[in-house]
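Architecture and fold: a report
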Amino acid sequence: GVGLALCQRLLEEDGRIHLCIACRNEQKSEATRDLILATHPTAQVSTVDVDLGSLASILRAARELRCRFQRLDFVYLNAGIMPNPHVNFKALWHGLLTGKVLHMLTTAEGIMTQTDRLNGDGLQEVFATNLFGHFMLVRQLQSLLCGNEKPSRLIWTSSSNARESAFSLSDYQHAKGQESYSSSKYATDLTSVVLNRKFNDQGLYSSVVCPGLVMSNMTYRILPIFLWKLLMPIMWLIRFFAKTYTLTPYNGAEAHVWLFKQKPEYLDSLVKYHSCTTGLGKCYVEPRKMDVDEEIAEKFYQKLLELEEQTLEKYSDLLD
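Under an unreviewed UniProt entry, the name given to the chain is 3-keto-steroid reductase/17-beta-hydroxysteroid dehydrogenase 7, and the organism recorded is Ptilonorhynchus violaceus. UniProt, in its Subunit (unreviewed entry) section for the chain, records the words "Binds to the short form of prolactin receptor." The heading Subcellular location (unreviewed entry) in the UniProt record of the chain holds the text "Endoplasmic reticulum membrane".

1. A look at the overall build of the chain
Scanning the chain from N- to C-terminus turns up 13 helices and nine strands. Evaluated residue by residue, the chain yields a buried proportion of 53% over its 320 residues. Contacts in the chain between residues far apart in sequence, at least 24 positions, make up 72% of those at least 6 positions apart. When the accessible surface of the chain is summed, it comes to about 15600 Å², and 53% of that surface belongs to carbon and sulfur atoms.

2. Some details on the side chain of Ser207
Its location among the elements puts Ser207 in strand β7 (residues 204–210). For Ser207, a relative accessible area of 7% gives the class buried. Leave out the neighbours within four places in its chain, and Ser207 touches Arg153, Leu154, Ile155, Trp156, Ser192, Leu259 and Leu267.

3. Points about the packing of helix α6 (residues 125–140) against helix α8 (residues 180–199)
In contact at an axis separation of 8 Å, α6 and α8 are set at 20 degrees when each is read in the N-to-C sense. As far as their axial angle goes, α8 and α6 are roughly parallel. In the packing of α6 onto α8, the handedness of the crossing is right-handed. Taken together, the residues of α8 that come into contact with α6 (itself represented by Val126, Asn130, Leu131, Phe135 and Arg139) are Ser180, Tyr181, Ser184, Lys185, Ala187, Thr188, Thr191 and Phe199. Tallied by class, residues from the contact of α6 with α8 come to six nonpolar, five polar and two charged.

4. Here's the deal with helix α2 (residues 26–39)
If you check α2, its first and last C-alpha atoms are 21 Å apart, about what 14 residues at 1.5 Å a residue would give, namely 20 Å. Ser29, Thr32 and Ile36 are the residues of α2 that are buried. Looking straight down α2, one finds that the buried residues subtend no more than 75 degrees of arc, so they occupy a single side. Facing away from the buried side of α2, by more than 90 degrees, are the exposed residues Glu26, Gln27 and Ala38. On its buried side, α2 packs onto α1 (2–13), β1 (18–23) and β2 (44–49).

5. Focus on the pattern of salt bridges
Enumeration over the complete set of coordinates arrives at 16 salt bridges. Across the pair Glu286 and Arg288 runs a salt bridge whose closest N-O atoms are separated by 2.7 Å. As a salt-bridge pair, Lys299 and Glu295 come within 3.5 Å of each other at their nearest N and O atoms. Of this pair, Lys299 and Glu295 both sit in helix α13 (residues 294–312), four residues apart, which is roughly one turn of that helix. Judged by relative accessible area, which is 41%, Lys299 ranks as partly exposed. Linked through salt bridges whose partners overlap, the residues forming this network are Arg197, Lys198, Glu294 and Glu298.

6. Some remarks on the layout of surface pockets
Remark: the empty space left among the atoms is shown by a probe the size of a water molecule rolled over them. If you add up the space inside the second largest pocket, you get close to 400 Å³. Together, 16 residues line the second largest pocket, and Asp73, Phe74, Lys150, Pro151 and Phe260 are the ones closest to its centre.

7. So, the sheet that holds strand β9 (residues 283–289)
Across the sheet, five strands lie side by side as β3-β6-β7-β8-β9; this open sheet has mixed pairing. Edge positions in the sheet fall to β3 (74–77) and β9, since each of these pairs with one other strand and no more. The average undirected angle you get between the axes of adjacent strands in this sheet is 25 degrees. As judged from the three bridges shared by β7 and strand β8 (residues 271–277), these two strands associate in the parallel manner. Pairing of Val209 across the sheet is with Tyr273, part of β8.

So, how was this worked out
Residues numbered from 1 in each chain as written. Predicted model: local features only at pLDDT ≥ 70, side-chain atom pairs only at ≥ 80, totals over all residues. Heavy atoms only, no water. UniProt positions renumbered as here; feature names shortened; annotations may be inferred. Helix = DSSP H or I, 4+ residues; strand = E, 2+ residues; numbered from the N terminus. Buried < 20%, exposed > 50% of the residue type's maximum accessible area, 1.4 Å probe, protein only. Contact = heavy atoms within 4.5 Å. Areas by Shrake-Rupley, 256 points an atom, 1.4 Å probe, with all protein chains shown as cover. Axes fitted to C-alpha atoms, helices over the stretch in contact; angles between N-to-C directions. Parallel < 35°, antiparallel > 145°, perpendicular 65-115°, else oblique. Left-handed = near helix turned anticlockwise from the far one by under 90°. Nonpolar A, V, L, I, M, F, W, Y, C, P; charged D, E, K, R; others polar. Expected span 1.5 Å × (residues − 1). Arc of directions from axis to C-beta. Salt bridge = Lys/Arg side-chain N within 4 Å of Asp/Glu carboxyl O. 1 Å grid on protein atoms, 1.4 Å probe; cavity = no way out; pocket = protein on both sides within 12 Å on 5 of 7 lines; lining within 4 Å. Points joined across faces, edges and corners; volume = space filled by probe spheres on them. Pairing = 2+ DSSP bridges.

This is how it looks when you write it as structure tokens:
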């Protein structure tokens, strides 16, 4: 997916970097490392095992990283899940009749639902993996991210599917709805905005990107494989009208790599950077203002801190 393509593209930009890849288990970490070294045999690539859906795993990984590194220059927060996705074909047909189908196909607004569940920590699984796990990891790595000689960067993988209408402050884990993915990505946008306000003066900057529609393991689970094979020629045609149809992980990582080359103090914290592709396949980045309420963002951040305090009480043995 985008994570592997990003690793390879970062090494193309600067082969001197030390790349630490975080995966859910040792087998996946080593397999990913082998793929990277196959194309960049002299690269410095280490691994750390972390399941963003498990608080114990996050705390163990953070402790390991604090022992191994004195600072982190970039943290790409890219893990994400979309369990049991369903296409609402009735909504899709209605969009076709009302002329909104292109908008729906580029944002999945109204046509994509998911069935969520509780994880082992008693949290909604999508919220925990897509947002709260990343938040906890950042909090645990704060000593490596703040107060360095050069700025440190957080770069979150958000989505054009991030919509305020799917998010509720009173149900921020999205236990009662069917658009948990959209809610978690809007929560990501809110979190990034507040982190800039809290930590820019300590040298930590946060940005959000949208990789566009990328064909990956997550995407392929939405429809049967044979249907995707039938649809792919149509999707390549749609790309002439929908610039966010990046389709390949390499193209989807465009905004991630672009941000790697920017000076964070000159970036707008209220902008999301979208990976885009022309109909002929040329990649570029399009900045778009985010539709976020900064007051809601602050209130949500306080709720995250409260949830952090509650959850850490269960894992005092994993804290320094």
